[in-house]
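Per-entry structural report
In case you want the letters, here they are:
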Amino acid sequence: MATLFTKLIKGELPAHVLLEDDQYFSFLDIHPMARGHALVVPKREEDYFFDLREDELSGMLPFAKKVAAGIEQVVDCKRVGLAVLGLEVPHAHLHLIPINKISDIQFGKESIKMTEDELSELASEIRANIS
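A brief look at the structure comes next. (Residues numbered from 1 in each chain as written. Predicted model: local features only at pLDDT ≥ 70, side-chain atom pairs only at ≥ 80, totals over all residues. Heavy atoms only, no water.)

1. Focus on the nonpolar core
Test applied: For the purposes of this section, nonpolar cores are sets of buried Ala, Val, Leu, Ile, Met, Phe, Trp, Tyr and Cys residues that join through side-chain atoms within 4.5 Å. In this scheme, a residue with accessible area under 20% of its type's maximum is buried, one over 50% is exposed, and one in between is partly exposed, where area comes from a 1.4 Å probe on protein chains only. Helix numbering and strand numbering both begin at the N terminus, where a helix is a DSSP run of H or I of at least 4 residues and a strand a DSSP run of E of at least 2. By definition in these notes, contact holds between two residues if any of their heavy atoms fall within 4.5 Å.
Judged by nonpolar contacts, the single largest core of 26 residues is most densely connected at Leu 18, Leu 28, Ile 71, Leu 96 and Ile 126. Listing elements by their share of this core, those giving two or more residues are β2 (24-28), β3 (38-42), α2 (54-74), β5 (94-99) and α3 (116-128). Of all the elements, α2 adds the most residues to this core, at seven residues. The residues touching Leu 18, leaving out its near neighbours within four places in the chain, are Ser 26, Phe 27, Leu 28, Ala 38, Val 67, Ala 123, Ile 126, Arg 127 and Ile 130. Counting residues in hydrophobic clusters, the runner-up holds eight residues, among them Phe 5, Leu 8, Leu 39 and Val 41.

2. Structural notes on the sheet that holds β2
Note the following rule: Only strands joined by at least two bridges in the DSSP assignment are considered to pair. Only the contacting stretch of a helix is used when fitting its axis, a line to C-alpha atoms as for every element, and angles between N-to-C directions run 0 to 180 degrees.
Pairing is antiparallel across the open sheet formed by five strands, whose spatial order is β1-β2-β3-β5-β4. A single partner strand is all that each edge strand has here, and the edge strands are β1 (17-20) and β4 (79-83). Ignoring which end each strand starts from, the neighbouring axes of this sheet average 20 degrees apart. In this structure, β2 lies alongside β3, joined through five bridges in antiparallel fashion. Bridging across to β3, Ser 26 finds its partner in Val 40.

By themselves, these figures tell us nothing about what the structure is for.
This is how it looks when you write it as structure tokens:
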């Protein structure tokens, strides 16, 4: 059975896409910790991050770096934090989260509320700032 992320990649479910190439896909989290919280996933389904092939692992960070740079141009933050948890969805993924202090990354806290229009507008702004 396809994961939620595979359904997003295939366009079977809507996503606020930031960047896509032949191997990776990035989109805004619909339950963000912060404005601009994005996910980066390989297109090939693999449950555990460290079970990804070497080429997938080595290509994922440069792809994520492009997305993070776009986020930093749009969202007021000191950095874009990176987190790998891998328990939420059985599809390897990275979280890119705009932060100003360490406590800004807390996966147990309530997500911020953003409307579909706000997410769509933010995705458009970030896309426009990805080189």
